[in-house]
Amino acid sequence: MSTVFLNGEFIPAEQAKISVFDQGFLYGDGIYESFRSVGGRLYQFPRHYQRLRQSAEALCYPMPYSEQELENILLMLRRRNRLQDAYFRITITRGPGQVGFQRRLEGELTCLIVAREFREFPEECYRQGIALRVARTRRNAPEAINPKIKSISNLNSLLGKLEAKEAGVLEVIMLNSRGEVCEGSASNIFWTRDHWVFTPSAATGLLEGVTRSTIIRLCEQELDLRVICGEYRLQDLLFSDEVFITSTSLEVMPVVRVDDFTINQGRVGPIARRLRQALHRDMGKTEPA
Ligand SMILES: Cc1ncc(COP(=O)(O)O)c(C=O)c1O
């Protein structure tokens, strides 16, 4: 039976209860963040904490825990659940309120943290590469929903995920309302040509993944590649040498097909492979990727 952390207490998951008037449940008024621990240490925790704080500020939530407090809670939750490499999700909502527009905007937040063993994607996916589909659903316009808020009202991504499922692929590419390449439903995207690496800029309305910024750093510091963030069309990506997507759980996943278009003659390229190895070294993982 797993232990969760709900509103200041470690409790068995089946005893954890949230009000039917919780504003997260009724209105999607909530934020979340995911974290990983590798070898007993949290990976990139300050960056994830910073993004959680940014989401909280945008919705006028006070941060329920300092960085140090939250780190201690996560590590304790890992120990209580006897996890090796853990995957955590913290969800914070505006907490219990009422139905209707006159709802209360100040009060006790709901804060739930769950943890489970981190599940790697099958090694075969990294060896063979995966296929992507270009989604019909466009990314939310940044003028409508600030992409810096990692929000639990995530229907836009869910619609992308459903399209991926329908097409039998792992992930989709979502364009923004201007038709520019933006990101995946829950990942960021990169492609390469010679020694150049391209990725959509924040101006396209993407969520700036923590893995995305680590990969930009590793490209420049470890692989001596120049990264150019910009506004690109799908054609730029289709005529590239390599394509890969990144996220906390996918790490660096090579892409060999986009719709009916084959990338790099269907072969995984060296840059995606070397970047995943560099990411593993950055995590302090001992075994090679
Ligand atoms: C929309 C979106 N883009 C990108 C990412 C990747 O972010 P990270 O690298 O921080 O996991 C996520 C992760 O959940 C996401 O939901």
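What comes next concerns the included structure. (Residues numbered from 1 in each chain as written. Predicted model: local features only at pLDDT ≥ 70, side-chain atom pairs only at ≥ 80, totals over all residues. Heavy atoms only, no water.)

## Considering the sheet that holds strand S6 (residues 110–117)
Put simply, the rule reads: Pairing between strands requires that DSSP locate at least two bridges from one strand to the other. Under the scheme used here, helices are H or I runs from DSSP no shorter than 4 residues and strands are E runs no shorter than 2 residues, and both carry numbers assigned from the N terminus. Angles run from 0 to 180 degrees between N-to-C directions of axes, and those axes are lines fitted to C-alpha atoms, restricted for helices to the stretch in contact. Only heavy atoms matter for contacts: two residues are in contact if any of them lie within 4.5 Å across the pair.
If you trace the six strands from one edge of the open sheet to the other, you get S2-S1-S6-S5-S3-S4, paired in antiparallel fashion. Each edge of the open sheet is held by one strand with a lone partner, namely strand S2 (9–12) and strand S4 (41–43). Recorded for the sheet is a direction-independent mean angle of 30° between the axes of neighbouring strands. Where strand S3 (residues 30–38) meets strand S5 (residues 86–93), seven bridges bridge the pair, whose relative direction is antiparallel. Looking at the pairing, Arg-36 lines up with Tyr-87 of S5. Against the sheet, helix H2 (residues 45–58) contacts S3, S4 and S5, and its axis sits at roughly 175° relative to S3. Of the strands in this sheet, strand S1 (3–6), S2, S3, S4, S5 and S6 are in contact with helix H3 (residues 67–80), which crosses S6 at around 45°.

## Points about the packing of helix H6 (residues 210–221) against helix H8 (residues 270–283)
In plain terms, the rule: Comment on the angle field: the value is read as roughly parallel under 35 degrees, roughly antiparallel over 145, roughly perpendicular from 65 to 115, and oblique elsewhere.
Packing of H6 against H8 brings their axes to within 10 Å, and their N-to-C directions diverge by 105°. As judged from the angle between their axes, H6 and H8 are roughly perpendicular. For the pair H6 and H8, contact is made by Thr-211, Thr-214, Ile-215, Arg-217, Leu-218 and Cys-219 and by Leu-275, Ala-278, Leu-279 and Asp-282, respectively.

## Brief notes about empty space enclosed by the protein
Selection criterion: Grid points spaced at 1 Å over the protein atoms alone were grouped into cavities, where a 1.4 Å probe fits but cannot get out, and pockets, open sets with protein on both sides within 12 Å along at least five of seven lines, with lining residues defined by an atom within 4 Å of a point. Grid points are joined across faces, edges and corners, and a volume is the space filled by probe spheres set on the points.
Overall, the coordinates contain two cavities of 30 Å³ or more when judged by the stated rule. In this structure, the largest cavity spans a volume of roughly 80 Å³. Around the largest cavity sit Arg-36, Tyr-43, Gln-44, His-48, Val-210, Thr-211, Thr-214, Ser-247, Thr-248, Glu-251, Leu-279 and Met-283, which together line it. Elements with a contribution of two residues or more to the lining of the largest cavity: H6 and H8. In terms of residues, the lining of the largest cavity owes the most to one element, H6, which gives three residues.

## Regarding the layout of surface pockets
A probe matching the size of a water molecule, rolled over the atoms, marks out where space remains unfilled. Quick reminder of the rule: Where each domain starts and ends follows an automatic or database-derived domain assignment. Each residue gets one of three labels, nonpolar for Ala, Val, Leu, Ile, Met, Phe, Trp, Tyr, Cys and Pro, charged for Asp, Glu, Lys and Arg, and polar for the others, Gly among them.
When its volume is computed, the largest pocket comes out at roughly 960 Å³. In terms of lining residues, the largest pocket is bounded by 45 residues, among which Tyr-32, Lys-150, Asn-154, Ser-185 and Ala-186 are the most central. Going through the elements one at a time, S3, H2, S5, S6, helix H5 (155–167), H6 and strand S13 (242–247) are the ones with two or more residues in the lining of the largest pocket. Among the elements that line the lining of the largest pocket, the one with the most residues is H5, at four residues. Two domains share the lining of the largest pocket, each providing at least three of its residues, namely domain 1 (3–117) and domain 2 (125–283). Approximately 220 Å³ is the volume found for the second largest pocket. As for the second largest pocket, its lining consists of 13 residues, and the residues nearest its centre are Arg-47, Arg-51, Gln-54, Glu-208 and Val-210. Residue assignment for the lining of the second largest pocket shows that the elements contributing at least two residues are H2 and H6. Of the residues in the lining of the second largest pocket, the class split is four nonpolar, four polar and five charged. Two domains each donate at least three residues to the lining of the second largest pocket, and these are domain 1 (3–117) and domain 2 (125–283).

## Some remarks on the site of the ligand
Definition in use: Think of it this way: one heavy atom of a residue within 4 Å of a molecule or strand is enough to make that residue near it. Think of a polar contact as two N or O atoms within 3.5 Å of one another; within protein, one of them needs to be a possible hydrogen donor and the other a possible acceptor, and neighboring residues in sequence only count if both atoms come from side chains. In short, Shrake-Rupley with a 1.4 Å probe defines the accessible areas, and a residue's cover is counted only from the protein chains shown. Any molecule with more than half of its atoms within 2 Å of a cavity's or pocket's grid points is counted as sitting in it.
Around the ligand, 15 residues are found, and the nearest of them are Lys-150, Glu-183, Val-210, Thr-211 and Thr-248. Here an oxygen atom of the ligand and a side-chain polar atom of Thr-211 are 2.6 Å apart. Between Thr-248 and the ligand, the recorded distance is 2.6 Å, taken from a side-chain N or O atom to an oxygen atom. Within the complex, 91% of the 390 Å² of free accessible area of the ligand lies under protein. Structurally, the ligand is housed in the largest pocket. Within the shell around the ligand, the residues separate by chemical class into four nonpolar, seven polar and four charged.

## Here we look at the pattern of salt bridges
Any two side chains of opposite charge can pair, so long as their charged atoms come close to each other. Formally: Salt bridges are defined as contacts in which a side-chain nitrogen from Lys or Arg sits within 4 Å of a carboxyl oxygen from Asp or Glu. A 1.4 Å probe rolled over the protein chains alone gives each residue an accessible area, and that area as a share of the maximum for its type sets the label: buried under 20%, exposed over 50%, partly exposed in between.
Under the definition given, this model contains 16 salt bridges. Among the ionic pairs, Arg-281 bridges to Glu-222, the shortest N-O distance being 3.2 Å. Here the residue Arg-281 occupies a position in helix H8, and Glu-222 occupies one in the loop between H6 and strand S12 (226–230), the gap between them amounting to 59 residues. Judged by its relative accessible area of 52%, Arg-281 is exposed.

## Remarks on unusual backbone geometry
Of all residues except glycine, most have a negative phi; of all peptide bonds, most are trans. Phi at Arg-82 takes a positive value of approximately 50°, unusual for a residue other than glycine. Positive phi, close to 60°, is recorded for Glu-251, a residue that is not glycine. Turning to its location among the elements, Glu-251 is positioned in strand S14 (residues 251–258).

## Some words on H2
The condition that has to hold: Expected helix span is given by 1.5 Å per residue-to-residue step, counting one fewer step than there are residues. Directions from the helix axis toward the C-beta atoms define the arc.
For H2, built from 14 residues, the straight-helix expectation of 20 Å at 1.5 Å per residue is met to within 8% by its first-to-last C-alpha distance of 20 Å. Taken as a whole, H2 has its buried residues at Phe-45, His-48, Tyr-49, Arg-51, Leu-52, Ser-55 and Ala-56. Axial view of H2: buried residues confined to an arc of 160°, hence all on one face.

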